[in-house]
Amino acid sequence: MGKSEITALDEVTLRLPDSGIVIISGPSGAGKSTLIRAISGLELPSKGSIYVEGVDITRLGAYELAWFRRKKFGFKPQDPKLIPQLTILENVALPLLFNYVPRKCALEAAMELLQEVGLGERIMHKPDEVSGGEYERASLAQTIIGSPPIVILDEPTAHLDPENSRKIAELVKAKQREAGSLYIVTTLEDTIIREADLRVYINKGRIEF
Ligand SMILES: Nc1ncnc2c1ncn2[C@@H]1O[C@H](COP(=O)(O)OP(=O)(O)OP(=O)(O)O)[C@@H](O)[C@H]1O
Ligand SMILES: [Mg+2]
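Residues numbered from 1 in each chain as written. Chains lettered and ligands numbered in written order. Predicted model: local features only at pLDDT ≥ 70, side-chain atom pairs only at ≥ 80, totals over all residues. Heavy atoms only, no water.

**Examining the environment of proline 95**
Definition in use: Under the scheme used here, helices are H or I runs from DSSP no shorter than 4 residues and strands are E runs no shorter than 2 residues, and both carry numbers assigned from the N terminus. Categorising residues by exposure relies on relative accessible area from a 1.4 Å probe, with only protein chains included: less than 20% of the type maximum marks a residue as buried, more than 50% marks it as exposed, and the intermediate range marks it as partly exposed. Residue contacts are defined here by distance: any two heavy atoms, one from each residue, within 4.5 Å place the two residues in contact.
When you line up the elements, proline 95 lands in helix α3 (residues 88-98). Owing to a relative accessible area of 24%, proline 95 belongs among the partly exposed residues under this scheme. Remark: the alpha-carbon pair of proline 95 and glycine 74, spanning 21 residues in sequence, is separated by 8.8 Å. Setting aside residues up to four positions removed in sequence, proline 95 forms contacts with Gln142 and Ile145.

Below, the structure is given as structure tokens:
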């Protein structure tokens, strides 16, 4: 930020398991989003390394990193954006299409997953024709379709009421248990924190134990 330097992450050393639910919590501005953006290669640190399955992703070129991210990660940002011109169904199928899954198979898989998350009646709607909770569930479906080995969810319940938050927490747990993959979730929500296999607390860019 010009002359003023912001240290979003400070001397963070963290080793995560390859499966289970890891919850990252901490106050607003603590560095939660920055940490998971770094883990997924969206934002590279000014120094240090990030190993994912033995590969230091800070050393990959742009093309390799894009390929690696597409194969390894499902990432839902804090403020997810579905593509407004596409239907909910097409939006959810998109990551499979990018992974060269034939269109028919991709749409079938998306349809099945949307039914599981309770959006079977909304598949032909455009993103601006669904409620906030439905949009969040569609974004979750788009993130976990194809069962990526690492799923990262930035505040999946931030804009939801308690009932919808509970539904998302249950869905996150069920899907992680089914896939046996690693879910990294930032949240302040007790309903989700209760599901954690490992909890990481971050404050002012530092991990606190
Ligand atoms: N693009 C940026 N440029 C400069 N500073 C930034 C940028 N993004 C975030 N920050 C700062 O980095 C710090 C960490 O931000 P981050 O978004 O990681 O926090 P957070 O824990 O996710 O907060 P929240 O709970 O509000 O989402 C904050 O002090 C924030 O103001
Ligand atoms: Mg954040």
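**A word on the site of ligand 1**
Convention followed: Each residue is tested against the molecule or strand, and it is near if at least one of its non-hydrogen atoms lies within 4 Å. Counted as a polar contact is a pair of N or O atoms within 3.5 Å, where, for protein atoms, one must be capable of donating a hydrogen and the other of accepting one, and residues adjacent in sequence contribute only when both atoms are in side chains. Shrake-Rupley sampling with a 1.4 Å probe provides the accessible areas, and residues are treated as covered by the protein chains on show and by no other component.
Neighbouring ligand 1 are 13 residues, the closest being Ser28, Gly29, Lys32, Thr34 and Gln78. Here an oxygen atom of ligand 1 sits 2.7 Å away from a polar atom, N or O, in the side chain of lysine 32. Contact between ligand 1 and glutamine 78: an oxygen atom at 2.8 Å from a side-chain N or O atom of the residue. Compared with its free state, where it exposes 640 Å², ligand 1 has 59% of that area covered by protein.

**Some points on unusual backbone geometry**
One non-glycine residue, glutamate 11, lies in positive phi territory at about 55°. Using a relative accessible area of 64% as the deciding quantity, one classes glutamate 11 as exposed. Look at glutamate 53: it is not a glycine, yet its phi comes out positive at around 50°. Positionally, glutamate 53 belongs in the loop between β2 (51-52) and β3 (55-56).

**Details of the pattern of salt bridges**
To keep it simple, the criterion reads: Take a side-chain nitrogen of Lys or Arg and a carboxyl oxygen of Asp or Glu: if they are within 4 Å of each other, that pair is a salt bridge.
If you walk through the whole model with that rule in mind, you get 14 salt bridges. Here arginine 206 makes a salt bridge to aspartate 10, at a shortest N to O gap of 3.2 Å. In this pair, arginine 206 sits in strand β8 (residues 206-208) while aspartate 10 sits in the segment before β1 (20-25), placing the two residues 196 residues apart along the sequence. The exposure class of arginine 206 is partly exposed, given its relative accessible area of 44%. Judged by relative accessible area, which is 24%, aspartate 10 ranks as partly exposed. Several salt bridges converge on common partners, so that one network encompasses Glu116, Lys175 and Glu178.

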